[in-house]
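Inside the fold
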Amino acid sequence: MGNSYAGQLKTTRFEEVLHNSIEASLRSNNLVPRPIFSQLYLEAEQQLAALEGGSRVDNEEEEEEGEGGLEPNSLPNPFQLHPPPEGCCTTDGFCQAGKDLRLISISNEPIDVPAGFLLVGAKSPSLPDHLLVCAVDKRFLPDDNGHNALLGFSGNCVGCGKKGFCYFTEFSNHINLKLTTQPKKQKHLKYYLVRNAQGTLTKGSLICWKGSEFRSRQIPASTCSGSLFPALESAGPLASFPSEPTPGTNPGILMGVQQAGPASDHPSLSAAMGPAVFNGKDSPKCQQLAKNNLLTLPRPSALGLLSNSGPPKKRHKGWSPESPSAPDGGYPQGGGNRAKYESAGMSCMPQVGLVGPASVTFPVVTSGEPVSVPDNLLKICKAKPVIFKGHGNFPYLCGNLNDVVVSPLLYTCYQNSQSISRAYEQYGASTIQPISEEMQLLLTVYYLVQLAADQVPLMEDLEQIFLRSWRESHLTEIRQYQQAPPQPFPPAPGPAAPVTSAQLPWLASLAASSCNDSVHVIECAYSLAEGLSEMFRLLVEGKLAKTNYVVIICACRSAAIDSCIAVTGKYQARILSESLLTPAEYQKEVNYELVTGKVDSLGAFFSTLCPEGDIDILLDKFHQENQGHISSSLTASSVTKTASLEVSGTPVCTSYHLEPHSIRPFQLAVAQKLLSHVCSIADSSTQNLDLGSFEKVDFLICIPPSEVTYQQTLFHVWHSGVLLELGLEKEHVTKQRVEQYVLKLDAEAQTKFKAFLQNSFQNPHTLFVLIHDHAHWDLVSAVHNLYSQSDPSVGLVDRLLNCREVKEAPNIVTLHVTSFPYALQTQHTLISPYNEIHWPTSCSNGVELYHENKKYFGLSEFIESTLSGHSLPLLRYDSSFEAMVTALGKRFPRLHSAVIRTFVLVQHYAAALMAVSGLPQMKNYTSVETLEITQNLLNSPKQCPCGHGLMVLLRVPCSPLAAVAYERLAHVRARLALEEHFEIILGSPSSGVTVGKHFVKQLRTWQNIEDVEWRPQTYLELEGLPCILIFSGMDPHGESLPRSLRYCDLRLINSSCLVRTALEQELGLAAYFVSNEVLLEKGARNEALESDAEKLSSTDNEDEELGTEGSTSEKRSPMKRERSCSHDSASSSLSSKASGSALGGESLAQPTGLPQGEHARSPQPCSPSEEGRAPGEKQRPQASQGPPSAISRHSPGLTPQPDCSLRTSQRSVQVSVTSPCSQLSSSSLGSSSSPVAPATGTLVLQASQCSLTKACRQPPIVFLPKLVYDMVMSTDSSGLPKAASLLPSPSVMWASSFRPLLSKTMTSTEQSLYYRQWTVPRPSHMDYGNRAEGRVDGFHPRRLLLSGPPQIGKTGAYLQFLSVLSRMLVRLTEVDVYDEEEININLREKSDWHYLQLSDPWPDLELFKKLSFDYIIHDPKYEDASLICSHHQSIKSEDIGMSRKPEDFFVRRQTARMRLSKYAAYNTYHHCEQCHQYMGFHPRYQLYESTLHAFAFSYSMLGEEIQLHFIIPKSKEHHFVFSQPGGQLESMRLPLVTDKSHEYIKSPTFTPTTGRHEHGLFNLYHAMDGASHLHVLVVKEYEMAIYKKYWPNHIMLVLPSIFNSAGVGAAHFLIKELSYHNLELERNRQEELGIKPQDIWPFIVISDDSCVMWNVVDVDCAGERSREFSWSERNVSLKHIMQHIEASPNITHYALLGLRKWSSKTRASEVREPFARCHVHDFIILNVDLTQNVQYNQNRFMCDDVDFNLRVHSAGLLLCRFNRFSVMKKQIAVGGHRSFHITSKVSDNSAAVVPAQYICAPDSKHTFLAAPAQLLLEKFLQHHSHRFFPLSLKNRDHPVLSVDCYLNLGSQISVCYVSSRPHSLNISCSDLLFSGLLLYLCDSFVGASFLKKFHFLKGATLCVICQDRSSLRQTVVRLELEDEWQFRLRDEFQTANAREDRPLFLLTGRHI
């Protein structure tokens, strides 16, 4: 286990830097040497990237391994085992004698334990879930402190009783540990075993081997078989404590961080601990007060959820390959040095026992001498020191414990950084060791040394430093192992010089020497106690006044070090100690300070500052002096504006308009994305969402308990019209009706939610969308909730939204909506990464994806514009305010800084209001920033004719403080008589908006609201109201703010809440939409103007800096701005105005040209806040005489720019402004001197302009606390703000400190995956119990997450989603069916006989035979087909007219949208409970097995045997006959004609299909109304697999491969031939059973794959022969129709039966006669017996049904159409005959091929086409037959004679069909003259004599079509055609096929 590089030099880099640093510090007198640390690690980022050469191995995911850490094969030094003796037992868990040693097996058996021996549990790597029981001499085990264990071993086997094992190696062999490393007792003897109260042997405390408390590593969460809790079967008796704290979960991040104190101080706690006494090193860590649901600052001390890696150095005696895993130990590894348990039963302490009041402080129970905390420490130090426990033991503290805070954060950080990531194990664990304790401490010192005086240490930084240091020190090995395969014995590593514990204090002191005393190192000889006492002594003596950090090191103990770090800097200590408070404690503390009057001292202090006495006295004096006159003049000025007056004299403002409610392109895109995600859930094979079964959408929106958010959401829902669209409400929706769709998650929520669940249960056909808005709020688990008894609202979200009913309801989809999704993206999340929808980015590769007229301005844009430096920044901090807060913090150490900050800020606002109102001396008691805000607040209404002003948002998170601020500001406002100038609104989540009557009246006027009762209910309705909104509540709850928001004052936010969600949430308040037109292109600013602006500097710059404590301008910001240049502030120079617009919204266009009458009332006409208008905009009438046009010419050039401050138009402005600059700025704040009017004749520019004009162009200005500002503005090397890499949310924690950093280039999806890998929920998080560990089955299938930046429009997007979802559901239940009226109605046969028995349900055979056959095609799909002439028609050609022009053939056919009935046929997208089994997708069934059966029969016409294949699912085998089970397929069973059963359909249904595996309507379950039926899909061979996949439970008939490119004729041909062959087989089979052949059912159904629904016409006949009758149509099942037809009397006498095609335009005349003898299409019932000798033409692609109908009729057979039944055909856009594409065989020729090119001259150079010859022929004849038959064009009297076939010659040519078969029925043609003759593949029945019967016009044309040229010649000769027809050589053609594709040949000729 090699101490392979002890004492050798490993890397020269560290030594060299160290050496240089020492040398520099020795040589220099005053030079401060650079700390080694910053040289080594802070710059290492870039170097490291280069060093690693791109192969960054630090972040590989940890592989899933067993909890045992190292697998045997990955061990570096395999230990050579002796082979076990012959014949002995080698089973794991048994000894070699075969006796069971497992604790679980023998826990109740009596065990003989010799005196002086103890029972201990040994861990076997091969049995990670079990402990093996051993008896060991206790002298060889350590004492309570981990000391005094004798070397060696002595033990007995408790199984077989063998005694006297003197070597652990020998013993481990005996108990079959099967180790692959050198056996060591420290490694494998893990736990003491104790008997509990029932006498059962259970696992007790860890055996505290020396050093194991740090070096044992923690296992990854993923290894504990998906659970960090004890698995019941493995934990045995321990399972009774399911909620134990576990090592890898939350080791005291802020949990155990309580003020130290002995247990006796806290009786409740001592009681909770029970008999178990801890005196362990870090016992608080394992108790983890379960208050973590309140944590604000979970310092990212990522918990070591990492696996073991190799052994550390030799002195780490206690290295354990399997750290106590969660199922075995409720204790973290740090829980060493445990007292022996007094009560054996209390072996594990359940967390439940610790539930106590939140303020219970936690005793740090330790060993050794207690250290007394001095009595008045806080008074002396002015801050509570924060002591971070480091390595080793920490002493007791006693005495004044309230004045110190002890935290285990650093300890946890150290521990986590000791766990090497599994990613590195592959490189050989012995070489790559964790960073040593000494090095950790040294790096910590370096880190503290380089922190600036105003910075606070962050655990994340430290973790990254450790990681970087570790990586750098191991780069060479990692590289080496990456290149070479890992060897069993790794090469001896290079020399390395680890820091020894002896060197450590010296190196630490050396490092600290360079930092000017900010870090002080104390070295102790014996224990930390002396160091702590020394520190307290120095603190009390005031010797650490300049010291921020004290590092105490005790390196005396032989092997390891003890250390701790105390933060004594007042600023740092205050922030850190406050950050350790949970939000509840923070509120409690503030409340306590307010209630007990502790804050009074602060007020008293303020009153001493003011030179003229207390501010209140000054205010009263001012009030009395000015009572009456100032208010009237100010009021007058605000009301009587001389502005552009309307005729009536009322002022108007063109800038004020409320946003119209329109949906933006982005929102539409997001709604579509949401919809597609829902569809993909439905389409997945998991059957989790059956969209087809829902008829409508309902929803419930859950929002946090904020009245404003509630009203805002109601408003959105109301105005979106979604309720009407979803059909949930009728025409007039009232506000009350809307309320039932929005649920405020407060105490009353439960009943409303139950009603929702009830509703969803009662309406299974409604899809309910449960929208959880602001979903990152309240993620507290209902199970872990401490307050569930007292406060029902905590954990409410979990109780309601995660309840079993919601999870299991198949009709509820949950949509979480949030701007901060991080806490829902953990390892345990319920939301699949595939169900996350992220707001799309506006640009992709610089291209705008969605054109919007507004640009979203969020956090990243704020940061970008601030960093760009082009202008005054939008994000700022207030240095004078911060300085005052810091000073007061030192003066009042006992007050919470939130209280101090609030009081200071309120004081600043009060002073600023006074300064602006005429007490200029108060300027010195406020900050420039606050002064700017108040000035603009008061001046903005004066700039607008209607008095519109701006809003100032003052964020005060703590409600009691907000109330104090409100009262104070209201008081100051009242004393200054400003009540009607601006409103102060106290906004808290629990209450609505309260606005004074005067302002409500103003708002009503502005918004044209008539209703006298109207009150604003949302902040959005405060648009244009000058006001200060004091916004309280610990978290914003999604409240939107109006566009008139100009200042976002966040100086009071809790700056210690350094969590990403909290920060982004606060900054999200300022998010904003800016008008797109005014954003300028980046970098387009005009540099020359910068200097022009400088020349305008005002003279009174210098007075503006306010002398508040410490307000030196150098401190201002990292941007090194020279002075406060506060944006817009009139107190600042004009230069600040010129360069002041951070968004290019302004130019210096308004010198103060005011009409004379306004001067007196307008002391500050040059409104500081609103200079910023584009100069050409809205000039006032007085200004319009001059050259404003000159200015406006420039406006178009002002292309908008986020960070440009100056406009190119400014130069023209400056030309025209003649009044001197000093005049412009002379109207300083308090003075009422009116500005000099500009000289006459110069341009008078508009001075007063509404603040709203600027509002739509420029986001608000945000003021932040300095700490937050630094956090947000500092970026890492990738440009990512540091804030983004903080812990994402207080309710989660890092899974490992060995994690990569987030990068700026990551998309939202990548960030989500990052958090899913690297964060785990705390036990208080509602997802904690979901141990999915990323397995798919851990995700909830119907849960989606929509995330997008704050205020971007997510509400609108999800409401739009509801609309499109509803539309889609309606669309899913609807279908487009063809709706065309029958064609050629007026050409119907004028028959002598009609079927007048109108009420006959079935045709009467004798009557029916008398009907004549109607040759004419009436099916509208054949509108472009040739008309068939049946007799000499007397109709003139022109009377008929063309129904469509030829170019209209491709016009979309008419369809109607129909609602699917319950009897519809469905495609593969339909899933419902009833037909799951039918479809074969039911989860309970295996995917249906099916077998392939060949079926061969010979057919003479094809001249060969046809082999077909049947695919028959097991469930359908009963329809077939086999030679034996599983044997040869013999036939398909057919029923008898005499069967009368209504249980099944007798006729087998065949559906030929191609290209429609998804869209074909093959699911006939509902159409057949559940009746048994035989349905066969007829598919081409190449499509077999895909059809089988989609329809696993359907029988397939697979056509031979030669038919792969054939048309529908081939399928029809084979269906009919197969069916006849099968009929013969069945007759033979059943004849043996005594059944007559004619009794076998001879019918089959051939159905199109697009038949969707079937209808019946109900006719009400008034009398039998009456002409009066009424009819109605209704939808029926196919079963009904089939059983009706099959029951027809004499049915076997009919050859073909069919239905009418449905049309909404059906006339009474069409359904009057119940039956017709005519063509049937689409859905036919075919008698295969009667039609035995009539075949389908297997070559045909089109019109093959017409062709077949004519053949059947000519054979003298009956065709019957049931006119009272109709079939609806769905329009399907894919597959079918569309799947044949005719393309050129030459691949590079992409030009479309037109039908004229389908035939060519033989042997020509024509391009050959890749298509069947028959298809080319049919298409050519359809479009170009007039080339062959010129005389026939539009010549109905002289049709083309078509022999034995019907080919479509186009709609302009009529044909006459004759059959050459003997005894066939043909029309009389004796008096007809034909214009052409078409002979298509004619057979021997066509002879010369047959053709001589027909007469042709002179010049008539002939077309003969044959398979090849020779048969063409033979046909001409055989038919003696040359006698009457004249042929020319050039009249021969062929289809444009290559020879191998067997083209058809055509010969044309003319009649002589």
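For the structure, check the block above.
Below you will find a few notes about this structure. (Residues numbered from 1 in each chain as written. Predicted model: local features only at pLDDT ≥ 70, side-chain atom pairs only at ≥ 80, totals over all residues. Heavy atoms only, no water.)

On to the overall build of the chain. Check the secondary structure of the chain and you find 55 helices and 55 strands. By residue count, 61% of the 1952 residues in the chain fall in the buried class. Entry remark: accessible area of the chain is about 73,900 Å², with carbon and sulfur atoms responsible for 54%. (Helix = DSSP H or I, 4+ residues; strand = E, 2+ residues; numbered from the N terminus. Buried < 20%, exposed > 50% of the residue type's maximum accessible area, 1.4 Å probe, protein only. Areas by Shrake-Rupley, 256 points an atom, 1.4 Å probe, with all protein chains shown as cover.)

Here we come to the side chain of R955. Mapping R955 onto the fold places it in strand 22 (residues 951-955). Polar side-chain contacts of R955 include one of 3.3 Å to the backbone oxygen of M1034. Excluding its chain neighbours within four sequence positions, the residues that come into contact with R955 are F1031, S1032, G1033, M1034, D1035, P1036, D1049, L1050, L1052, I1053, E1066 and L1069. (Polar contact = N/O pair within 3.5 Å; in protein donor to acceptor, adjacent residues only side chain to side chain. Contact = heavy atoms within 4.5 Å.)

The next point concerns the pattern of salt bridges. Summed over all chains, the structure comprises 59 salt bridges. R894 serves as the salt-bridge partner of D403, at 4.0 Å between the closest nitrogen and oxygen. In this pair, D403 is assigned in the loop between strand 8 (397-399) and strand 9 (405-407) and R894 in the loop between helix 30 (879-891) and helix 31 (897-916), connecting sequence segments 491 residues apart. Measuring nitrogen to oxygen at the nearest pair gives 3.6 Å for the salt bridge that ties R1457 to D1376. With a gap of 81 residues between them, R1457 in strand 32 (residues 1455-1459) and D1376 in strand 31 (residues 1374-1378) connect regions that are remote in the sequence. (Salt bridge = Lys/Arg side-chain N within 4 Å of Asp/Glu carboxyl O.)

The subject of this paragraph is the state of the cysteines. Tallying each qualifying case throughout the model produces zero disulfides. For C160, which is in no disulfide, the shortest distance to another cysteine sulfur is to C157 and amounts to 3.6 Å. (Disulfide = S-S within 2.5 Å.)

Moving on to the sheet that holds strand 21 (residues 875-877). The strands that make up a sheet pair up through hydrogen bonds in the backbone, lying either parallel or antiparallel. Read across the sheet, six strands follow the order 21-27-25-22-24-23 without closing on themselves; strand pairing throughout is parallel. With one partner strand each, in any of the chains shown, strand 21 and strand 23 (983-987) form the two edges of the open sheet. Ignoring which end each strand starts from, the neighbouring axes of this sheet average 20 degrees apart. Of the strands in this sheet, strand 21, strand 22, strand 24 (1027-1031), strand 25 (1045-1049) and strand 27 (1261-1264) are in contact with helix 32 (residues 928-939), which crosses strand 25 at around 150 degrees. Strands strand 22, strand 23 and strand 24 of the sheet are contacted by helix 33 (residues 959-975), whose axis makes an angle of about 170 degrees with strand 23. (Pairing = 2+ DSSP bridges. Axes fitted to C-alpha atoms, helices over the stretch in contact; angles between N-to-C directions.)

Once that is clear, we can look at the sheet that holds strand 55 (residues 1945-1951). Taken in spatial order, the seven strands line up as 48-54-55-53-52-50-51 in an open sheet, and their pairing is mixed. Since the sheet does not close on itself, it has two edges, and those belong to strand 48 (1799-1800) and strand 51 (1855-1858), each with one partner. Here six bridges tie strand 53 (residues 1895-1906) to strand 55, and the two strands are oriented antiparallel to one another. Opposite T1901, over in strand 55, you have R1950 as the bridge partner.

With the rule as written, the count across this model stands at 39 aromatic pairs. Between F1874 and F1894, the aromatic rings sit 6.1 Å apart at their centres with planes inclined by 75 degrees, giving edge-to-face as the arrangement. Here F1894 lies in the loop between helix 54 (1888-1891) and strand 53 and F1874 lies in strand 52 (residues 1873-1880), a separation of 20 residues in the sequence. For F1894, a relative accessible area of 9% translates into the label buried. Grouping aromatic residues by their ring pairs yields a cluster made of F1874, F1890, F1894, F1896 and W1925. Above the face of the W1294 ring, R1299 is positioned so that its terminal group lies 3.9 Å from the ring centre. (Phe/Tyr/Trp six-rings, centres within 6.5 Å; stacked < 30°, edge-to-face > 60°. Lys NZ or Arg CZ within 6 Å of the ring centre and 35° of its normal.)

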